Amino acid sequence: FVANAASLFREGGGTFSSQAEADYLFTIRSFETKIEQTVASGIIQGDMFTMPNGSAVPLLLGYEFRRDSILSVPNDIAANGTLFASFTDQGASGTRDLHEFFAETSVQFLKDKTWAEELTLDLGGRVTDESSFDPHFTYSAKLLYRPTSYLMLRGTYGTSYRAPNLRERFLEGATGFQTFTDPCVVPNNAREATDLAQQNSPEVYLSDQDTRSNRVLDACAADGVDPRSLGLEDGTGNAFFALGSAEISTGGSSLLEPETSRSFTYGVVFDQPFTDAFDLRFAVTYFDIDIKNSISEPGYLFVVDECYDNADQPNATSGFCGRIERDETGNLDTIDTTFINAGQETSKGIDFNLTYEQDFEIGSENLNVSLDLAATYTKERFFNILDSTDDIAGETDAPHWRANSLLTLRYNEFRFNWASHFIQGGSEDPDEFDPDAVPCDGLPVSCRPIYFTTDYDVHDMSVSYGWDNYSITFGIKNVFNTAPPEVDDDGVFSLANVPLGIGYDLNGRTGFLTLEAKF
């Protein structure tokens, strides 16, 4: 192929000198994916016997067979990633069979008795036999006790089982390139050329301008690179910077184990019995969830951070360090993000729910007022990932308190809604930041990142009118144009200084209008 062939430069537009040249440069990246599922199931149900209180005891027995298969075939261009700026993808191929046997029953021990309006136990069990794993038994139990018509006590306990899905197990591998900051490379602010007039002038390290923590520097050194010289120009023109790119590989794994969990809840529900003027219900529920061998696809930034900025596993002792490879110059070369069994994940807390409803007579019409309030207190949000432990409850992405409320007014054909959302501020673990630096907001050096968020509440409203089979709704989201809290990008996972994945409104005040017609 001759880049300056005369045929390329012709008045009105050129062309290649041969079809072979055109075929070489312009081609098609294609993928063909087929996912098939076959399901067969059967259920038998009926009453086994009758309790002395007259309630029947039912029994449900069932069986289900499921076959899942995937065949994802790339052409050579996609498989090898030969197009410019494209990634390699080897597709996926695999089949799994699933046999499940299950049973359910419900026993009402007491009914319409003094201090025992109801006492009911629901039971369920399931045996799952997945073709790649040993059979597993899961079960659930729910106990409901209603001493009076206005008070209910309830509790549940259950287990679950999930085998790796088709993608997690049979994805054959894909690679691509991502740009990010290598924490082991000397930052731009901490390097200086010895002679600005000289091309490829050797650079020196400025320790007083380096904002990296000692924990990061020690981990990089333990991983075999010198964080005080890595990337500096040595006069040969081979310098590189902290902001660079690396090859990211991902794929399924035949080594994955099934994900299992156990959970229990208990709580109380109270319906006020004192007056018929209004309805009021209050519920409190404690929850405790424990997931083991949770299946996860770690992000490349997470892998790097867990290796080099890990307070629990310092000096590059984290298992994630084995997923990072560097070339002979020390430059970060590849990061492995294939699926793994992350370890253990727990969540503990309390849910609060309150509902209120009352009617008021205004003129000849009825005004209905209702309020729904839901709040959650997260006591624990614990992770054990490859022996790196962390309880993130109270941090920026898992605040202790969240709450939502909805006030609704209905009058004739009109409806007014006012919704409020609250997210408590959170703070990252101070041990993850340099304790010798001072709080700041955007300063380049001697600066501790903004690692906390403030309390946040946002409000939405809407007004609707309906007639016959038509309705019109006008509303405003984020009525007061409340901005989300800002953090330093180095301290919290964020974009443009706004924490992501927490629930903050990113659009500001917006209006909407909808028309609806039913036929």
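Here we summarise the structure given alongside this text. (Residues numbered from 1 in each chain as written. Predicted model: local features only at pLDDT ≥ 70, side-chain atom pairs only at ≥ 80, totals over all residues. Heavy atoms only, no water.)

Digging into the overall build of the protein
A tally of regular secondary structure across the protein gives five helices and 29 strands. Once the C-alpha set of the protein is aligned to its principal axes, its extents read approximately 95 × 60 × 55 Å. Evaluated residue by residue, the protein yields a buried proportion of 37% over its 519 residues. For the protein, the share of sequence-separated contacts (at least 6 apart) that also reach a separation of at least 24 residues comes to 65%. In the structure as shown, the protein presents an accessible area of about 29700 Å², 53% of it carried by carbon and sulfur atoms. A distance of 8 Å separates the average location of the 34 positive side-chain charges in the protein from that of its 82 negative side-chain charges. (Helix = DSSP H or I, 4+ residues; strand = E, 2+ residues; numbered from the N terminus. Buried < 20%, exposed > 50% of the residue type's maximum accessible area, 1.4 Å probe, protein only. Contact = heavy atoms within 4.5 Å. Areas by Shrake-Rupley, 256 points an atom, 1.4 Å probe, with all protein chains shown as cover. Lys, Arg positive; Asp, Glu negative; His and termini not counted. Charge placed at Lys NZ, Arg CZ, Asp CG, Glu CD.)

Focus: unusual backbone geometry
One non-glycine residue, Asn 315, lies in positive phi territory at about 60°. Residue placement: Asn 315 occurs in the loop between α5 (300–308) and β15 (324–326). A positive phi angle, near 55°, is found at Asn 481, a position not held by glycine. For Asn 481, the position within the fold is in the loop between β26 (470–477) and β27 (494–495). By relative accessible area, Asn 481 is classed as partly exposed at 40%.

Considering helix α4 (residues 214–222)
Taken as a whole, α4 has its buried residues at Arg 215, Val 216, Leu 217, Ala 219 and Cys 220. Buried residues belonging to α4 abut α5. A positive phi of about 100° marks Gly 224, the residue just after α4.

Examining the packing of aromatic side chains
Under the definition given, this model contains 19 aromatic pairs. Considering the side-chain rings of Phe 264 and Tyr 286, the 6.4 Å spacing of their centres and the 40° angle between planes classify their relative orientation as tilted. Here the residue Phe 264 occupies a position in strand β12 (residues 259–271), and Tyr 286 occupies one in strand β13 (residues 278–292), the gap between them amounting to 22 residues. Among the residues examined, Phe 264 registers a relative accessible area of 22% and is labelled partly exposed. (Phe/Tyr/Trp six-rings, centres within 6.5 Å; stacked < 30°, edge-to-face > 60°.)

Some words on the environment of Gly 81
In this structure, Gly 81 sits in the loop between α2 (76–80) and β3 (88–89). Look at Gly 81 and you get buried, because its relative accessible area is 19%. Along the primary structure Gly 81 and Asn 404 are separated by 323 residues, whereas in three dimensions their C-alpha atoms are 47 Å apart. Residues within four places of Gly 81 in sequence aside, it is in contact with Arg 29, Ser 86, Phe 87 and Thr 88.

Let's talk about the sheet that holds strand β8 (residues 174–181)
One open sheet accounts for five strands, arranged β3-β8-β11-β16-β15; its pairing is mixed. The two strands at the open ends of the sheet, each matched to only one other strand, are β3 and β15. Across three bridges, the pairing between β15 and strand β16 (residues 332–336) is antiparallel. Bridging across to β16, Ile 324 finds its partner in Ile 335. (Pairing = 2+ DSSP bridges.)

With respect to the state of the cysteines
As enumerated under the stated definition, the model contains two disulfides in all. With a sulfur-sulfur separation of 2.0 Å, Cys 184 is cross-linked through a disulfide to Cys 220. Disulfide Cys 184-Cys 220: the torsion about the S-S bond is -90°, which places it as left-handed. Of the two residues, Cys 184 is situated in the loop between β8 and β9 (191–193) and Cys 220 in helix α4; the sequence distance between them amounts to 36 residues. We classify Cys 184 as buried; its relative accessible area is 0%. (Disulfide = S-S within 2.5 Å.)

Some details on empty space enclosed by the protein
As enumerated under the stated definition, the model contains one cavity of 30 Å³ or more in all. Of the pockets and cavities examined, the largest cavity occupies roughly 50 Å³. If you list the elements that add at least two residues to the lining of the largest cavity, you get β8 and β11 (243–250). In terms of residues, the lining of the largest cavity owes the most to one element, β11, which gives three residues. Residues of the lining of the largest cavity, tallied by class, amount to five nonpolar, four polar and one charged. (1 Å grid on protein atoms, 1.4 Å probe; cavity = no way out; pocket = protein on both sides within 12 Å on 5 of 7 lines; lining within 4 Å. Points joined across faces, edges and corners; volume = space filled by probe spheres on them. Nonpolar A, V, L, I, M, F, W, Y, C, P; charged D, E, K, R; others polar.)

Structural notes on α5
Regarding α5, the residues found buried are Val 303, Val 304, Glu 306, Cys 307 and Tyr 308. Close packing links the buried residues of α5 with β8, α4, β15, β16 and β20 (388–391).

Topic: the environment of Pro 499
Within the secondary structure, Pro 499 sits in strand β28 (residues 498–499). Between the C-alpha atom of Pro 499 and that of Asp 397, which follows or precedes it by 102 residues, the distance is 7.9 Å. Ignoring any residue separated from it by four or fewer positions in sequence, one finds Pro 499 in contact with Thr 453, Pro 485, Val 487, Val 492, Phe 493, Ser 494 and Tyr 504.

Observations concerning the side chain of Asn 368
Examined against the element boundaries, Asn 368 turns out to sit in strand β19 (residues 365–385). Sequence-distant contacts of Asn 368, that is, excluding residues within four places in its chain, are made with Glu 357, Gln 358, Asp 359, Thr 408, Leu 409 and Arg 410.

Observations concerning the pattern of salt bridges
When the charged atoms of two side chains lie near each other, side chains of opposite charge can form a pair. Here the structure, examined in full by the defined rule, presents 19 salt bridges. The closest approach of N and O atoms between Arg 146 and Glu 118, which form a salt bridge, is 3.8 Å. With Arg 146 in strand β6 (residues 136–148) and Glu 118 in strand β5 (residues 116–130), this residue pair connects regions lying 28 residues apart in the sequence. Salt-bridge contacts for Asp 309 lead to Arg 215; the nearest nitrogen and oxygen are separated by 2.9 Å. Placement of Asp 309 in the loop between α5 and β15 and of Arg 215 in helix α4 is noted, with a sequence separation of 94 residues between them. It is possible to trace a salt-bridge network through shared partners that takes in Glu 64, Arg 66, Asp 68, Arg 96 and Glu 130. (Salt bridge = Lys/Arg side-chain N within 4 Å of Asp/Glu carboxyl O.)

Details of the pairing of β13
In the sheet, β12 pairs with β13 via twelve bridges, with the strands oriented antiparallel. The residue bridging Phe 264 from the neighbouring strand is Asp 288, located in β13. With 15 bridges joining them, β13 and strand β18 (residues 343–362) adopt antiparallel strand pairing. Within β18, the residue paired with Asp 290 across the bridge is Thr 346.

What to know about the nonpolar core
Grouped together as the largest cluster of nonpolar side chains are 28 residues, with contacts concentrated most on Tyr 308, Ile 324 and Ile 335. Contributing elements (two or more residues each) for this core: α4, β11, α5, β16 and β19. Considering every element that reaches this core, the biggest residue donor is α5, with four residues. In contact with Tyr 308, other than residues within four places in its own chain, are Pro 183, Cys 184, Arg 215, Val 216, Ala 219, Cys 220, Asp 223, Ile 324 and Arg 326. (Core = buried A, V, L, I, M, F, W, Y, C linked by side-chain atoms within 4.5 Å.)

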